[in-house]
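Listed here are the chains, written in short residue letters.
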Amino acid sequence: AAAYENIQVETDGAVGIIRLDRPKAYNALNAALVDEVGHALRAFEADDTVGCMVLTGSEKAFAAGADIKEMQEKSYADVQREDFITDDWEVLTHCRKPVIAAVAGFALGGGCEFALMCDMIIAADTAQFGQPEVQLGIIPGAGGTQRLTRSVGKSMAMYMCLTGDKIDAQTALQAGLVAKVVPADDLMEETLKAAQKIAGLSRPVVATCKEAVNRAYETTLSEGVLFERRAFHGTFALEDRSEGMQAFIEKRKPEWKHR
Ligand code: CO8
């Protein structure tokens, strides 16, 4: 396995787990850490034994945002030239296998944005989400004004982005930012349960389903519905589709071929 300095990587059955691990800085997302996450994601993406991924942090923090000490020295020309730092970060949004963010503690700034790039968020009751960028004289730069707004709607997004106030896990649940809130001690167990369930399904069906949901963010309703219908039709070409329905009728568990 590759040697990483800012993350830990392991597998649990068919689930690939990436744990952000920069405890000195609440997992602040410096370039090295983001680069390592990209590397680990690509490795799991290419690994046929992996069907779903989990991105998590520590008990205290998912991530406290981009590394402020690293950003502090940069000029406009620097960030513009580097296209700071979208390319590396957006790796998360390109992968075809589902990624679940398991969030405990702080998910602030780029940390909240990183979680929003995942396909769903499961939160510990200790989770706190926020976009505190305005307090640093900047605005969110990795989806905090865009993905967050689509996730929680205008009023809550404006509230979070303009005040910088954190919201707790229950508020995040009510707002639709997270799919589920669980006791902090159960975070990994509950997240892995969902991840294992996904990883146990037919791979092409899961990938097609994720692709279809994501179209909802990129296109009009009628185009999205058409995309969905064709993708749905496409599943009828799979042996796994026959098997899934056959198993239901025979009252047994399906045995997916494409795993
Ligand atoms: N960057 C660098 N270091 C950090 C960060 C950070 N984001 N957050 C915490 N740290 C460091 C602190 O500097 C401190 O280091 P040291 O011990 O060397 O002084 C250590 O972590 C512990 O922090 P605190 O002493 O502050 O701990 P507290 O428990 O008092 O507070 C908080 C914890 C609430 C997490 C607090 O540290 C905090 O508010 N952190 C900053 C949160 C923040 O503003 N995040 C947004 C950053 S900006 C951003 O993310 C923009 C993203 C744009 C993406 C661009 C991509 C295109």
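Residues numbered from 1 in each chain as written. Predicted model: local features only at pLDDT ≥ 70, side-chain atom pairs only at ≥ 80, totals over all residues. Heavy atoms only, no water.

Per an unreviewed UniProt entry, the protein goes by Enoyl-CoA hydratase and derives from Fodinicurvata halophila. Turning to the protein, the UniProt record has this under Sequence similarities (unreviewed entry): "Belongs to the enoyl-CoA hydratase/isomerase family." (UniProt positions renumbered as here; feature names shortened; annotations may be inferred.)

Peer 1: For this particular structure, what's the right way to read the overall build of the protein?
Peer 2: Within the protein, the secondary structure is distributed over 13 helices and 10 strands. In terms of overall dimensions, the protein is globule-like: its C-alpha atoms have a radius of gyration of 19 Å, near the 18 Å expected for 259 residues. Considering only C-alpha atoms, the protein reaches an extent of 60 × 45 × 40 Å along its principal axes. Evaluated residue by residue, the protein yields a buried proportion of 42% over its 259 residues. (Helix = DSSP H or I, 4+ residues; strand = E, 2+ residues; numbered from the N terminus. Rg over C-alpha atoms; globule rule 2.2 N^0.38 Å. Buried < 20%, exposed > 50% of the residue type's maximum accessible area, 1.4 Å probe, protein only.)

Peer 1: Got a minute to help me understand the nonpolar core in this structure?
Peer 2: A general tendency of soluble globular proteins is for nonpolar side chains to be buried together. In this structure, L55, F129 and L177 are the most contacted members of the largest nonpolar core, which totals 47 residues. At six residues, helix α1 (residues 31-46) tops the list of elements feeding residues into this core. In this structure, V15, I100, A195 and V206 belong to the second largest nonpolar core, which totals 18 residues. (Core = buried A, V, L, I, M, F, W, Y, C linked by side-chain atoms within 4.5 Å.)

Peer 1: What is the right way to read the site of the ligand from this model?
Peer 2: Taken together, 26 residues are adjacent to the ligand, and Y26, A64, A66, F84 and G110 come closest. Between an oxygen atom of the ligand and a main-chain N or O atom of K24, the distance comes to 3.4 Å. The separation between a nitrogen atom of the ligand and a polar main-chain atom of A64 is 2.9 Å. Protein contact buries 67% of the 1100 Å² of open area that the ligand shows by itself. Ranked by residues supplied to the shell around the ligand, first place goes to helix α2 (residues 68-71) with three residues. Here the shell around the ligand is composed, by residue class, of 16 nonpolar, five polar and five charged. (Near = heavy atom within 4 Å. Polar contact = N/O pair within 3.5 Å; in protein donor to acceptor, adjacent residues only side chain to side chain. Areas by Shrake-Rupley, 256 points an atom, 1.4 Å probe, with all protein chains shown as cover. Nonpolar A, V, L, I, M, F, W, Y, C, P; charged D, E, K, R; others polar.)

Peer 1: Is there a simple way to explain the pairing of strand β1 (residues 7-12) in this structure?
Peer 2: Two faces, one strand: in a regular strand the side chains alternate between the faces of the sheet. Taken together, the six bridges between β1 and strand β2 (residues 15-20) define a ladder with antiparallel strand orientation. When the sheet's bridge partners are listed, E10 is paired in β2 with I17. Counting the residues in the hairpin turn of β1 and β2 gives two residues, including G13, whose phi is positive at 60 degrees. (Pairing = 2+ DSSP bridges.)

Peer 1: In this structure, what is going on with helix α13 (residues 239-249)? I would like to understand it.
Peer 2: In an α-helix, one turn spans 3.6 residues, which is why side chains three or four residues apart end up on the same side. All of the buried residues along α13 are D240, E243, G244 and A247. Buried residues of α13, viewed axially, fall in a sector of 100 degrees; they line one side. Of the residues trailing α13, K251 is marked for its positive phi of about 50 degrees. (Arc of directions from axis to C-beta.)

Peer 1: Can you walk me through a nonpolar patch on the surface in this structure?
Peer 2: A cluster of nonpolar residues, I68, L136 and I138, forms a patch on the protein surface that exposes about 250 Å² of accessible area. Residue I138 is classed as partly exposed on the basis of its relative accessible area, which comes to 35%. (Patch = residues over 30% accessible without salt bridge, like charges linked within 9 Å, V, L, I, M, F, W, Y side chains within 5 Å. Salt bridge = Lys/Arg side-chain N within 4 Å of Asp/Glu carboxyl O.)

Peer 1: What's the story with the sheet that holds strand β3 (residues 52-56) in this structure? I'm lost.
Peer 2: Hydrogen bonds between backbone atoms are what pair the strands of a sheet, whose relative direction is either parallel or antiparallel. Taken together, the six strands give an open sheet; going across it, the order is β1-β2-β3-β5-β7-β10, and neighbouring strands pair in mixed fashion. The open sheet is flanked by β1 and β10 (180-182), the only strands paired with a single partner. Sheet twist, expressed as the average angle between the axes of neighbouring strands with direction ignored, equals 20 degrees. Sheet topology note: the strand β5 (residues 99-103)/strand β7 (residues 120-124) ladder contains four bridges and is parallel. Within the sheet, the bridge partner assigned to A102 lies in β7 and is I122. (Axes fitted to C-alpha atoms, helices over the stretch in contact; angles between N-to-C directions.)

Peer 1: Which parts of the structure should I look at to understand the pairing of β7?
Peer 2: Within β7, four of the five residues are buried, leaving the element largely enclosed by the surrounding structure. When β7 meets β10, the two strands line up parallel, connected through three bridges. Looking across to β10, one finds that A123 is bridged to V181.

Peer 1: What exactly am I supposed to notice about the sheet that holds strand β9 (residues 167-168) here?
Peer 2: Taken together, four strands build an open sheet; the order of strands is β4-β6-β8-β9 and the sheet is mixed. The outermost strands of the open sheet, each flanked by one partner alone, are β4 (61-63) and β9. Pairing of strand β8 (residues 128-130) with β9, which is carried by two bridges, proceeds in the antiparallel orientation. Of the residues in β9, the one forming a bridge with F129 is I167. The strands touched by helix α6 (residues 110-117) are β4, β6 (106-108) and β8; relative to β6, the strand with the most contacts, the crossing angle is about 95 degrees. (Contact = heavy atoms within 4.5 Å.)

Peer 1: Looking at this structure, I do not really get helix α11 (residues 203-215). What am I missing?
Peer 2: Between its first and last C-alpha, α11 extends 19 Å over 13 residues, near the 18 Å set by a 1.5 Å rise per residue. What α11 keeps buried is the set R203, V206, A207 and K210. Buried positions in α11, seen along its axis, are confined to an arc of 95 degrees and lie on one side of it. On its buried face, α11 sits against α10 (187-199). (Expected span 1.5 Å × (residues − 1).)

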